[in-house]
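Summary of the model geometry
What follows is each chain in one-letter form.
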Amino acid sequence: MVSTADVGTDLGTPAIEKPSLFTPIPDITPPTTPTEDDEKVTFTNEDGFSIPLSDDEIRHGSPTDKGSPKWGAMANQPLSRAGSPPPALLSEHSRTFEKAREMGRQGITQPRSQIRSDSHDRVFAHANWRVVNADQGNGGLRNAADAAVRDGKIDDYFWVGTLGMPTDALEGTQQKQDIEDHLVTEHNMHTVFCSDKDFDGHYTHFCKQVLWPVFHYQIPDNPKSKAFEDHSWKYYVNINQAFADKIIANWKRGDVIWIHDYHLLLVPSMLRKKLPDAKIGFFLHVAFPSSEVFRCLAIRKQLLEGMLGANLIGFQIQEYTRHFLQTCSRLLGVEATPDGLQLEDRFVDVINLPIGIDPVYLNERRGTASVRNWIQTIRERYEGKRLIVARDKLDHVRGVRQKLLAYELFLNKYPQWRDQTVLIQVALSSSEKSDLDATVSDIVTRVNSSWANLAYQPVVYLKQDIDYPQYLALLAVADALMITSQREGMNLTSHEYLYCQDGAILPDKKHGSLILSEFTGTSSLFGGAELSINPWDYRQCADAIKQALEMDDEEKERRWKQLYATVNSYTGSHWFTEFLSKLDHVYEGQHRRDQTSVPRLSVTNVARTYSESKKRLFILDYEGTLVSWGPMNQIIPVSTQRTLDVLNDLLLDERNIIYVMSGRRPEELDRVFRRAPNLGLIAENGCFVKQCGQMAWSEMADGEHIRSWKESVKGIMTYYLERMPGAVLEERRCSLIFHYKGAEDQETAQRLASDCASHVNDACEAQRVHAIPMDGFILVESIDWTKSTAANHIFEDLRADANTGSDGHHKDPIDFLMVVGDGREDEKVFKWANGLGEEGAVEDVVTVSVGKRGNTEATSTMTQGVSGVLSVLEKLALS
């Protein structure tokens, strides 16, 4: 069973039936009679916009606009009991009251809305109700889930969410229990009941005024920003805890938990604390900003740690994934790899997987008579005109102002298109009024007053919802769709537009152009087939409009085919099932690598396979495995006699080949192992290899490349070194090590070390270099040369030698491989060795992780440390 959690998205809303709303109750005064007989049901497109539907077009379970301002203000629902949280500053609170008293003395009164009375609450506590689609929600998510069910890819799942309406009025009533039971039994929905105050503080304040702006690069650097206020944080925590509690109460072993979006960032870690073995996925539907923006949040670490409770974290595109990995590395000091994040006790996989539309449902809806009628109406109304269609929420992120200014410049710059082009801008109001409303209206008025006449209006500005048939008709008849978002996780209106431009409805009107902001997640999928624009570059936007209108049919068809193929590849159903499939895969891998699941090394079994083998290869880590570990910038301990004796005893058997791997310099290893002449060595984590019985070292790495990136990295590290008294920069031939354990101010040192590692990873990514935060130091080395690449080089040489027989005689191939290590850098060698065993290249492979760590690629563990390793090797030498 899959449990999918999202705030206000997934559950139906119990709406009071109006014919029974005013059933007489003694001593209760009913509220004002609603003026409409029935509430208009709305459809939500893939971007979450609320669009009214006619009765014959209502789709079962279709969610609606998550940004709807109607929560707690509908005539057939209870009013919210939530009050606005107090301002963060007491001085501001005092000024507010002083202003109110002054206005009262002047006889000025503020309008009051949503007045609630006890009688009003009692009516709704006893009235009949029915379940309808909620006014808040993620349309793309719900449509993707429906598509997956329809396609037979999933059959058993529950939604976990809020009702989408105030619920304080239901507290203590039988109605509350009835609603909860009905949603569970009839709709597979678990209801999270929360107080109106908690919901309002969580959603209206923290989510929309703090998280949403920062996630969309609206940096809180002006007095109007709410990001500095922390009074709503507690409400955010409360709602997240309520979701976690509901999931925990209903979770059964084997269930999959999938958390969605920025409203519930804390839920994964809350679940992990109570359900350590649960399979948890998290997907962020919006953009994830760079670390420079995200670090502006006061509660940045809590949010990141909350997300890291998941087994798998998903983002729309690679850019957001990279930002998240860099942010975690910088703010939490954890190791970021291309596959995810290595925490102290476990690994968290991170992927990018773009969501898509549901073409099957879209094809059904666009074939209705009402869509065809609207197409005919629009074509007659704008006959002979070229239509540019746009549909956005009216907020600063969507770039409506930039679009209108670019269109105004287009008409100024290219007068031949006046009287020929119409921009139809549908603008859906956000929940809060802003200066943007007036600015956009002024631009529209200015454009229309400049070039409009009795027969022509250059801008048709609709600050209202349009019904679904009109929406599909607009997409079908448009010559171009223009999207100028300043930042957007994934714009799926563009996908719907491309699908409607296939000519199935209008054979003579197809393959329209797509003008798309480069700052949308969708832009990274289309490979340049769209007309990509920078919404702040008005001239480029104006030229893109001209290019779209003047493009010949052949080029339009070529571009459209490429875009259309992408839309059909990334569907909602594919996204839904692919994420769950990846979650299953990574969960199994993480569980398999968990040290508590990896068996102890069976010395008896190893001794048996060892004695039966004909050619053996040992690859053994040095520090922490063969000798007790010490800081890499200190002199190596000389008390290694037992280690040398054990290795030399093994080397007495000519069937044994032994290599010791280390992060130390070649000359250091030569000094330590000078009394083991037949021993092979791997130095500086794979950059140098010394073959068994030879005196010279072979350099595996590209020396010129290393010198090049070193110059870049040393400049960065010197900057941080000057700000950390007591820190030391150690230079090795193939790596740089920044030691800060001896810094005077450890708190500052740890923060600067995280910044340093992030800086190196950002600046030197193209040079194939990465910085790895370790305990007290940062290791900077090349990505291309590791212990595993050196081990593979050695193995391939031995295999080639066995096949060719350099002395003219056939040699036995390696049939026993043993790898022993204790560090994070040894994990790649374990994985490589296990791969040889799975491929059948080596008959018996033994990989051993030494010590106590959270997870490992090794197939066995040993907790006795160095003494345990030497004891096992001694036993093998005597076998």
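Residues numbered from 1 in each chain as written. Predicted model: local features only at pLDDT ≥ 70, side-chain atom pairs only at ≥ 80, totals over all residues. Heavy atoms only, no water.

Our focus in this paragraph is the sheet that holds strand β18 (residues 513–517). If you walk across this open sheet you meet the six strands as β16-β15-β14-β17-β18-β19, and the pairing is parallel. With partners counted over all chains shown, the strands left at the sheet margins are β16 (459–462) and β19 (531–533), one partner each. Mean inter-strand twist for the sheet, computed between neighbouring axes without regard to direction, equals 15°. Relative to strand β15 (residues 421–429), strand β14 (residues 386–394) is paired through nine bridges, and the arrangement is parallel. Paired with R386 across the strands is T421, a residue of β15. Contacting β14, β15, β17 (480–483), β18 and β19, helix α17 (residues 538–550) crosses the sheet at an angle of about 170° to β19. (Pairing = 2+ DSSP bridges. Helix = DSSP H or I, 4+ residues; strand = E, 2+ residues; numbered from the N terminus. Axes fitted to C-alpha atoms, helices over the stretch in contact; angles between N-to-C directions. Contact = heavy atoms within 4.5 Å.)

Our focus in this paragraph is the packing of helix α5 (residues 196–215) against helix α6 (residues 233–250). The relative placement of two packed helices is expressed as an angle between their axes plus a distance between the axes. Between α5 and α6, the least distance of the axes is 8 Å, while the angle of their chain directions is 115°. The hand of the α5/α6 crossing is left-handed. The residues of α6 that touch α5, namely those facing K197, D198, F199, G201, H202, F206, C207 and L211, are W233, Y235, Y236, N238, I239 and N240. (Left-handed = near helix turned anticlockwise from the far one by under 90°.)

Glancing now at the sheet that holds strand β29 (residues 816–821). Strand order in this open sheet of eight strands is β24-β23-β22-β21-β20-β29-β30-β31, and the pairing throughout is mixed. The sheet is open, and its two edges are formed by β24 (698–699) and β31 (860–862), each paired on a single side. In the sheet, strand β23 (residues 688–690) pairs with β24 via two bridges, with the strands oriented antiparallel. Opposite V689, over in β24, you have S698 as the bridge partner. Seen against the sheet, helix α20 (residues 603–612) touches β20 (616–621), β21 (656–661), β29 and β30 (844–850) and runs at an angle of roughly 140° to β29.

Another aspect to go through is the packing of aromatic side chains. The relative placement of two aromatic rings is captured by the distance of their centres and the angle of their planes. Scanning the entire structure with this criterion turns up 31 aromatic pairs. Ring geometry for F618 versus F816: centroids 5.9 Å apart, planes at 55°, classification tilted. With F618 in strand β20 and F816 in strand β29, this pair connects stretches of sequence that are 198 residues apart. In this structure F618 comes out as buried when scored by relative accessible area, which is 0%. (Phe/Tyr/Trp six-rings, centres within 6.5 Å; stacked < 30°, edge-to-face > 60°. Buried < 20%, exposed > 50% of the residue type's maximum accessible area, 1.4 Å probe, protein only.)

It is at 9 Å that the axes of helix α21 (residues 641–651) and helix α27 (residues 866–878) come closest, and there the two elements cross at 30°. Our classification of the angle between α21 and α27 gives roughly parallel. Between α21 and α27 lies a crossing of left-handed hand. Seen from α21, the contacting residues are R642, T643, V646, D649 and L650; seen from α27, they are S867, L870, S871, L873, E874, L876 and A877. Across the contact of α21 with α27, the residue classes break down as six nonpolar, three polar and three charged. (Parallel < 35°, antiparallel > 145°, perpendicular 65-115°, else oblique. Nonpolar A, V, L, I, M, F, W, Y, C, P; charged D, E, K, R; others polar.)

It is worth spelling out the nonpolar core at this point. Counting 162 residues, the largest nonpolar core has L265, L303, I313 and F324 as its most contacted members. Broken down by element, this core gets its largest block of residues, nine residues, from α5. Leave out the neighbours within four places in its chain, and L303 touches L211, W233, Y236, L265, L266, F294 and L297. Membership of the second largest hydrophobic core comes to 64 residues, among which are Y610, A701, V713 and W785. (Core = buried A, V, L, I, M, F, W, Y, C linked by side-chain atoms within 4.5 Å.)

By the element assignment, L721 lies in helix α23 (residues 703–721). Spatially, the C-alpha atom of L721 lies 8.3 Å from that of F738, the residues being 17 residues apart in sequence.

Among the structural elements, S613 can be located in the loop between α20 and β20. Here the alpha-carbon distance between S613 and L817, two residues 204 residues apart in the chain, equals 9.8 Å. With residues up to four places along the chain from it excluded, the contact list for S613 reads R655, D815 and F816. Within the structure, S613 has its side chain in polar contact with the backbone oxygen of Y610 (distance 2.7 Å). A polar contact is formed between the side chain of S613 and the side chain of R616, at a distance of 2.9 Å. (Polar contact = N/O pair within 3.5 Å; in protein donor to acceptor, adjacent residues only side chain to side chain.)

All right, on to the pattern of salt bridges then. Inspection of every chain in the model, using the stated rule, returns 45 salt bridges. Its salt-bridge partner being D151, residue R150 comes within 3.3 Å of it at the nearest N-O pair. Overall, the relative accessible area of 37% leaves R150 in the partly exposed class. The closest approach of N and O atoms between R732 and E668, which form a salt bridge, is 3.1 Å. You can see R732 sitting in the loop between β25 (728–731) and β26 (735–739) and its partner E668 sitting in helix α22 (residues 666–672), a full 64 residues away along the chain. When sorted by exposure, R732 lands in the same class as E668, which is buried. Overlapping salt bridges bring together E292, R295, R330 and D755 as one network. (Salt bridge = Lys/Arg side-chain N within 4 Å of Asp/Glu carboxyl O.)

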